[in-house]
Amino acid sequence: MPFFTVDAELPGRRGRTGVIHTPHGDIQTPAFIAVGTKATVKAVLPETMRELGAQAVLANAYHLYLQPGPDIVDEAGGLGAFMNWPGPTFTDSGGFQVLSLGAGFRKVLSMDANRVQADDVIAEGKQRLARVDDDGVTFISHLDGSTHRFTPEVSMQIQHKIGADIIFAFDELTTLVNTRGYQEDSVARTQAWAVRCLTEHRRLTAARPERPSQALFGVVQGAQYEDLRRQASRDLAGIVDAEGRGFDGYGIGGALEKQNLATIVGWCTEELPDDKPRHLLGISEPDDLFAAVAAGADTFDCVSPSRVARNAAVYSPTGRFNITGARYRRDFTPIDADCDCYTCGHYTRAYLHHLFKAKEILSATLCTIHNERFVIRLVDQIRASIGAGEFDELRDHVLGQYYGHSTRAQ
Ligand SMILES: [Zn+2]
């Protein structure tokens, strides 16, 4: 069976529906991949994630490398067995965390591109904790200050021990304020690392043939530059091993401004092979989801639904709102009367408001369930709309409701 099959296409655009086949089950695409950074979706049981429709979980190689260490995940039987998640798993390469935590970048997606361009990009008040050279990255652990080094080979060795179904090539994260010259050097470095990742991935796969096979995705960088993104995509697509086999899929990474997201994803997907899946790192807002799917992204992950849930922000069809607002103290309706999640079926806004005010940890569990369900269900609806030829109608309806109300919520 091929790793990826395409079912329906969005006429005139790059979007499509399909199925990714992994040793731990299929992923119907487009799919939202829930983030379980440290081998847990914070505050929620794996069984609950399954019930609310999560198809796969993405953990982070950097965090699991530092704690508990890849050897322990390997001895447990791999990521899925370790965390009691029977379905498909992803790990991202650690490149983003090594550089974003290490260098103290400001949040990449919200960075001010009008700032003076600079190659030594450090957030105010942060210390530089990571250094990039052509061979890899040396960084200081954010946990205990110890020094570590990631190279493409080390990232592959870590991700093989963690054992996720889909893993990513080690790439260099740049920011929108790096100079054009630096972006060119960085793309060249990421391409060279991609070749080394594929070679090491094949070596490690051959060394342990009894293990479930892992799929390796190359990562497209190039920031906001069309020529760099297109060239990086073509170059990655052209990287093959001695048997002529290339990457199993592609990740679109790096600095993306919200208003350019669809354009940049489109440049990449026009150059990448159509028979391989494409993952977009780090989106979950409804307008971004529609734009990314139309531009040809098949899967995406984001930590936001669970992160904002722990801060009392919940999604609703008419926008996101904060359940700690005074108006919800005596509101005995669910977060969203039309939501089919466990939280909306059993709990009121007044109760959730109370849990947050009383600092009860159940607040995080119940709001995470709702937010994850909201985003997963929306992507399920987007997928169904492509098959039914109703993508534009769904987009106009959902976004009109979500962004049309300036005061948000009821
Ligand atoms: Zn709900």
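Cut-offs and rules
Residues numbered from 1 in each chain as written. Predicted model: local features only at pLDDT ≥ 70, side-chain atom pairs only at ≥ 80, totals over all residues. Heavy atoms only, no water. Helix = DSSP H or I, 4+ residues; strand = E, 2+ residues; numbered from the N terminus. Rg over C-alpha atoms; globule rule 2.2 N^0.38 Å. Buried < 20%, exposed > 50% of the residue type's maximum accessible area, 1.4 Å probe, protein only. Contact = heavy atoms within 4.5 Å. Areas by Shrake-Rupley, 256 points an atom, 1.4 Å probe, with all protein chains shown as cover. Lys, Arg positive; Asp, Glu negative; His and termini not counted. Charge placed at Lys NZ, Arg CZ, Asp CG, Glu CD. Donors = N, O, S within 2.8 Å, 3.2 Å for Na, K, Ca; no water. Tetrahedral: all angles 85-135°; square planar, octahedral: opposite > 155°, others 65-115°. Polar contact = N/O pair within 3.5 Å; in protein donor to acceptor, adjacent residues only side chain to side chain. pLDDT = per-residue confidence, 0-100. Core = buried A, V, L, I, M, F, W, Y, C linked by side-chain atoms within 4.5 Å. Pairing = 2+ DSSP bridges. Axes fitted to C-alpha atoms, helices over the stretch in contact; angles between N-to-C directions. Expected span 1.5 Å × (residues − 1). Arc of directions from axis to C-beta.

Visitor: Account for the overall build of the protein chain, naming residues and giving values.
Guide: A count of helices and strands for the protein chain gives 15 helices and 16 strands. The C-alpha radius of gyration of the protein chain comes to 21 Å, within 12% of the 22 Å expected for a compact globule of 410 residues. Over its C-alpha atoms, taken along the principal directions, the protein chain stretches across nearly 65 × 50 × 50 Å. Taken across its 410 residues, the protein chain has 55% of its residues classed as buried. Across the protein chain, the fraction of contacts at a sequence separation of at least 24, relative to all contacts at a separation of at least 6, is 68%. Of the roughly 16900 Å² of accessible surface on the protein chain, a fraction of 51% belongs to carbon and sulfur atoms. Charged side chains in the protein chain number 42 positive and 52 negative. The centres of these two groups are separated by 6 Å.

Visitor: Describe the coordination of the zinc ion, and please don't skip the residues or the numbers.
Guide: Within the first shell, the zinc ion binds the protein through Cys-339 (SG), Cys-341 (SG), Cys-344 (SG) and His-370 (ND1), at distances of 2.1 to 2.3 Å. Metal-centred angles of 96 to 121° between the four donor atoms at the zinc ion mark the site as tetrahedral. Binding-site remark: the zinc ion is held by donors from one chain whose sequence spacing is C-x1-C-x2-C-x25-H. Looking at Cys-341, the relative accessible area reads 6%, which means it is buried.

Visitor: So what's going on with the side chain of Arg-383? Which residues, and what values?
Guide: With respect to the helices and strands, the residue Arg-383 is situated in helix α14 (residues 362–388). Its relative accessible area of 18% is what places Arg-383 among the buried residues. What Arg-383 contacts, discounting residues up to four positions off in sequence, is Thr-17, Gln-28, Thr-29, Pro-30 and Gln-55.

Visitor: Got a sec to walk through the environment of Asp-165? Specific residues and values, please.
Guide: Within the element layout of this structure, Asp-165 appears in the loop between α6 (152–162) and β10 (166–168). Residue Asp-165 is classed as buried on the basis of its relative accessible area, which comes to 2%. Counting along the chain gives 75 residues from Asp-165 to Phe-90, while the straight-line C-alpha distance between them is 5.9 Å. If we ignore the near neighbours within four places in the chain, the residues touching Asp-165 are Thr-22, Pro-23, His-24, Gly-87, Pro-88, Thr-89, Ser-213, Gln-214 and Ala-215.

Visitor: Can you lay out the environment of Ser-93 for me, pointing to particular residues and giving the numbers?
Guide: In this structure, Ser-93 sits in the loop between β6 (89–92) and α5 (95–103). For the pair formed by Ser-93 and Gln-159, sequence separation is 66 residues and the distance between their alpha carbons is 7.2 Å. Each residue touching Ser-93, except ones within four places of it in the same chain, is listed here: Ala-61, Phe-150, Ser-155, Gln-159, Phe-168, Ala-169, Phe-170 and Asp-171. Separated by 3.5 Å, the side chains of Ser-93 and Asp-171 make a polar contact.

Visitor: Requested: an account of unusual backbone geometry, with residues and values cited.
Guide: Cis geometry is adopted by the peptide bond preceding Pro-30, which originates at Thr-29 and carries an omega value of 0°. Following the sequence through the fold, Pro-30 ends up in the loop between β3 (25–29) and β4 (31–35). The backbone of Ala-43 sits at a positive phi, close to 80°, despite the residue not being glycine. Structurally, the position occupied by Ala-43 is in the loop between β4 and α1 (46–51).

Visitor: I'd like a rundown of the confidence of the model for the protein chain, residues and numbers included.
Guide: Per-chain confidence: the protein chain averages 91 in pLDDT, with 91% of residues scoring 70 or above. Throughout residues 103–117 the model reports pLDDT below 50, and contacts reaching past four residues in sequence, or to other chains, amount to 40 contacts. In this model, residues 406–410 is a region of pLDDT below 50 whose contacts with residues beyond four sequence positions or in other chains number ten contacts.

Visitor: Go over the nonpolar core, please, and point to the residues and values.
Guide: By size, the foremost hydrophobic cluster in this structure holds 96 residues, and its most contacted members are Leu-79, Phe-247, Leu-280 and Phe-300. Counting residues per element, this core draws most heavily on α14, at ten residues. Discounting residues that sit within four places of it in the chain, Leu-280 has contacts with Ile-252, Leu-256, Leu-261, Val-265, Ala-292, Ala-297, Thr-299, Phe-300 and Asp-301. Formed by 13 residues, the second largest nonpolar core is a distinct cluster that contains Ile-27, Ile-166, Phe-168 and Phe-217.

Visitor: Help me get a handle on the sheet that holds β3, residues and values and all.
Guide: Spatially, three strands are ordered β1-β2-β3 in an open sheet, and the strand pairing comes out antiparallel. Single-partner strands in this sheet number two, and they are β1 (4–9) and β3. On average, each strand axis in the sheet is tilted by 15° relative to the strand beside it, whichever way the strands run.

Visitor: Can you break down the pairing of β1 residue by residue, with the values?
Guide: Looking at chain direction, β1 and strand β2 (residues 16–22) are connected through four bridges and run antiparallel. Bridge pairing links Phe-4 to Ile-20 in β2. With antiparallel pairing between neighbouring strands as the criterion, β1 and β2 make up a hairpin whose turn holds six residues, including Gly-12 at a positive phi of roughly 80°.

Visitor: Give me the lowdown on helix α15 (residues 391–404), citing residues and values where you can.
Guide: Under the 1.5 Å per step criterion, the end-to-end length of α15 is 19 Å for 14 residues, consistent within 8% with the ideal 20 Å. Looking at α15, one finds that the buried residues are Phe-391, Leu-394, Val-398, Leu-399 and Tyr-402. The buried residues of α15 occupy one face: seen down the axis, they fall within an arc of 105°. Residues of α15 that are exposed and point over 90 degrees away from its buried face: Glu-393, Asp-396 and Gly-404. Packed against the buried residues of α15 are α10 (286–294), β15 (313–316), β16 (319–322) and α14.

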